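Tertiary structure, described
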Amino acid sequence: MRSYILVVDDDEKITSMLKRGLVFEGFEVQTANNGADGLREMMIREPDLLVLDVMMPEVDGLEVVRRMREAGSSVPVLMLTAKDAIQDRVKGLDLGADDYLVKPFALEELLARVRALLRRRSENEGSNHILRFEDLEMDLHSREVKRSNMPIELTAKEFELLHLFMQNPKRVLPRDVIMEKIWGYDYSGESNVLEVYIAMLRQKTEEHGGKRIIMTIRGTGYVLRGDA
């Protein structure tokens, strides 16, 4: 499975250049052009690594890191800064950034740092290919899904949809976000494909008497939650 990298920088030339370079290296990449949008993207789907500019209007990179760490996120952060000053580096690292790179930088050096951070995370979290929510378990390597140790047979699209929920437990996912992430287009309100897949997932995950864990939030979307 490809590593997913989120790039947040208000310079569209930089985000475009980094996206091209990272995609060419085999990574899955999303971009955002300000800190607020970056935080929103992280709520939709947590990346394997965040490449983050420091100097941005409104919510800057340092504030993004502060909010991430306060929320308990352990996502590695590579900070980009145009300021070659010791105090800026120290502040970023003290807030929880894992590495920094001063602009202008060579793409090759950024790629090397990205690979090093991802390798370090992989070594520290070797069991992360197993996702669990209550009695539901998903193995990302074998693509096996079990509930109360009973296997659940899913189609490829059902697996993708459940994976999205498992990555975002207890977070309400809007319909348009789910449609974009799973089917690659905006939700128009006309197609009921999402409702059909939700119904199939519910049927399969509740087949052996399991309680409902995929909940409908009326007028908004769905959430994986164990309060049914």
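Residues numbered from 1 in each chain as written. Predicted model: local features only at pLDDT ≥ 70, side-chain atom pairs only at ≥ 80, totals over all residues. Heavy atoms only, no water.

Going by an unreviewed UniProt entry, the chain carries the name Two-component system, OmpR family, response regulator MprA and comes from Paenibacillus aquistagni.

Our next topic: the layout of surface pockets. Rolling a probe over the atoms, with the probe sized like a water molecule, indicates the empty space that remains. In this structure, the second largest pocket spans a volume of roughly 430 Å³. Glu28, Arg45, Glu160, His163 and Lys181 are the residues nearest the centre of the second largest pocket, which is lined by 16 residues in total. Among the elements that make up the lining of the second largest pocket, the one with the highest residue count is helix H6 (residues 156-167) (five residues). Looking at the lining of the second largest pocket residue by residue, the class counts come to six nonpolar, three polar and seven charged. Viewed by domain, the lining of the second largest pocket spans two of them, domain 1 (4-126) and domain 2 (130-224), each represented by three or more residues. (1 Å grid on protein atoms, 1.4 Å probe; cavity = no way out; pocket = protein on both sides within 12 Å on 5 of 7 lines; lining within 4 Å. Points joined across faces, edges and corners; volume = space filled by probe spheres on them. Helix = DSSP H or I, 4+ residues; strand = E, 2+ residues; numbered from the N terminus. Nonpolar A, V, L, I, M, F, W, Y, C, P; charged D, E, K, R; others polar. Domains from an automatic or database assignment.)

The next point concerns the sheet that holds strand S7 (residues 136-139). Spatially, S6-S7-S8-S9 is the arrangement adopted by the four strands of the open sheet, whose pairing is antiparallel. What marks the edges here is a single partner per strand, and that holds for strand S6 (130-133) and strand S9 (150-152). Taking the axes of each pair of neighbouring strands and ignoring which way they run, one obtains an average angle of 25 degrees across the sheet. For strand S8 (residues 144-147) and S9, the ladder comprises three bridges, and the chain directions are antiparallel. Counted as the bridge partner of arginine 147 is methionine 150 from S9. (Pairing = 2+ DSSP bridges. Axes fitted to C-alpha atoms, helices over the stretch in contact; angles between N-to-C directions.)

Turning our eyes to something else, we now look at the packing of aromatic side chains. The full count for this structure, using the stated rule, is zero aromatic pairs. In this arrangement the basic side chain of arginine 45 is found over the ring face of tyrosine 4, its NZ or CZ atom lying 4.0 Å from the centre. (Phe/Tyr/Trp six-rings, centres within 6.5 Å; stacked < 30°, edge-to-face > 60°. Lys NZ or Arg CZ within 6 Å of the ring centre and 35° of its normal.)

Time to look at the pattern of salt bridges. If you walk through the whole model with that rule in mind, you get 17 salt bridges. Salt-bridge contacts for lysine 103 lead to aspartate 9; the nearest nitrogen and oxygen are separated by 2.9 Å. Of this pair, lysine 103 sits in the loop between strand S5 (99-102) and helix H5 (107-124) while aspartate 9 sits in the loop between strand S1 (4-8) and helix H1 (12-24), placing them 94 residues apart in sequence. Just as lysine 103 is buried, aspartate 9 falls in that class too. The shortest N-O distance in the salt bridge between glutamate 137 and arginine 132 comes to 3.2 Å. Glutamate 137 gets classed as partly exposed once you look at its relative accessible area, which sits at 26%. Connected through shared salt-bridge partners, Glu63, Arg66, Arg67 and Glu70 make up one network. (Salt bridge = Lys/Arg side-chain N within 4 Å of Asp/Glu carboxyl O. Buried < 20%, exposed > 50% of the residue type's maximum accessible area, 1.4 Å probe, protein only.)

Two orientations exist for strands paired in a sheet by backbone hydrogen bonds: parallel and antiparallel. What the five strands build is an open sheet, ordered S2-S1-S3-S4-S5; its pairing is parallel. Whereas interior strands pair on both sides, the edge strands pair on one side only; in this sheet they are strand S2 (28-32) and S5. Direction aside, neighbouring strands of the sheet carry axes that sit 20 degrees apart on average. Judged from the four bridges that link them, strand S3 (residues 49-53) and strand S4 (residues 77-81) form a sheet pairing that is parallel. Among the inter-strand pairings, aspartate 53 is bridged to a residue of S4, identified as leucine 80.

On to empty space enclosed by the protein. Applying the stated rule across the entire model yields one cavity of 30 Å³ or more. Computed from the structure, the largest cavity encloses a volume of approximately 60 Å³. Looking at the lining of the largest cavity, the elements with two or more residues in it are S4, helix H4 (86-95) and S5. Looking at the lining of the largest cavity element by element, the count peaks at four residues for H4. Looking at the lining of the largest cavity residue by residue, the class counts come to five nonpolar, two polar and three charged.

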